[in-house]
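# Examining the three-dimensional arrangement
So you can see what is in the structure, the chains are spelled out below.
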Amino acid sequence: MAEYRVQKVRDAFLVLNAEGERVGPFWANELAAERERLRMQVAFDTRLKRGLRPCLSCNAEFQSQGIHNRLCDACKDHAASLGREMAG
Ligand SMILES: [Zn+2]
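Residues numbered from 1 in each chain as written. Predicted model: local features only at pLDDT ≥ 70, side-chain atom pairs only at ≥ 80, totals over all residues.

### Points about the overall build of the protein
Across its full length, the protein carries two helices and five strands. Traced from its N-terminal end to its C-terminal end, the protein shows the element sequence β-β-β-α-β-β-α. A compact globule built from 88 residues would reach a C-alpha radius of gyration of about 12 Å, whereas the protein, at 18 Å, exceeds it by more than 25%. Along the first, second and third principal axes, the C-alpha atoms of the protein reach 60 × 20 × 15 Å. Expressed as a percentage of the 88 residues in the protein, the buried residues total 7%. A fraction of 12% describes how many contacts in the protein between residues 6 or more apart in sequence connect residues 24 or more apart. (Helix = DSSP H or I, 4+ residues; strand = E, 2+ residues; numbered from the N terminus. Rg over C-alpha atoms; globule rule 2.2 N^0.38 Å. Buried ≥ 20, exposed ≤ 12 C-beta atoms within 10 Å, placed from the backbone. Contact = placed C-beta atoms within 7 Å.)

In structure tokens:
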């Protein structure tokens, strides 16, 4: 899972992505930078569609680990037992 992090540079703070690239502006204090980091992390997780989502097969809500994770555990087991790997 990609993580954003806050780094201090001289007398400013900035937010880095998982590749170590600066994202967003320089911040005068660590709290502001940390808030921005959290906002980006939440946006990132949302893009990956982590969280509750309906199963593609049975439509039951389940806790998805990401966009690749589209079947609930029951359907994943079922798909695996049929010999077709649908759950990535
Ligand atoms: Zn299901």
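Read on, since the account is not over.
### Concerning the domain arrangement of the protein
Structurally, the protein comprises domain 1 (5-47) and domain 2 (51-81). Spacing between the C-alpha centres of domain 1 and domain 2 amounts to 32 Å. (Domains from an automatic or database assignment.)

### Quick word on the pairing of strand 3 (residues 22-27)
Here three bridges tie strand 2 (residues 12-16) to strand 3, and the two strands are oriented antiparallel to one another. Across the sheet, the residue bridging to Val 15 is Val 23, located in strand 3. Turn length for the strand 2-strand 3 hairpin, with the two strands adjacent in sequence and antiparallel, is five residues, and the turn residue Gly 20 shows positive phi of about 80°. (Pairing = 2+ DSSP bridges.)

### A closer look at the sheet that holds strand 2
Pairing within the open sheet is antiparallel, and its three strands lie in the order 1-2-3. Edge positions in the sheet fall to strand 1 (5-9) and strand 3, since each has one partner strand and no second. Direction aside, neighbouring strands of the sheet carry axes that sit 25° apart on average. Relative to strand 2, strand 1 runs antiparallel, the two sharing five bridges. (Axes fitted to C-alpha atoms, helices over the stretch in contact; angles between N-to-C directions.)

### Things to note about the environment of Lys 49
With respect to the helices and strands, Lys 49 occurs in the loop between helix 1 (30-47) and strand 4 (51-54). What makes Lys 49 partly exposed here is the crowd of 15 C-beta atoms within 10 Å. A sequence separation of 37 residues divides Lys 49 from Ala 12, and the C-alpha atoms of the two residues are 32 Å apart. Among all residues touching Lys 49, those that are not within four sequence positions of it are Ser 64, Gly 66 and Ile 67.

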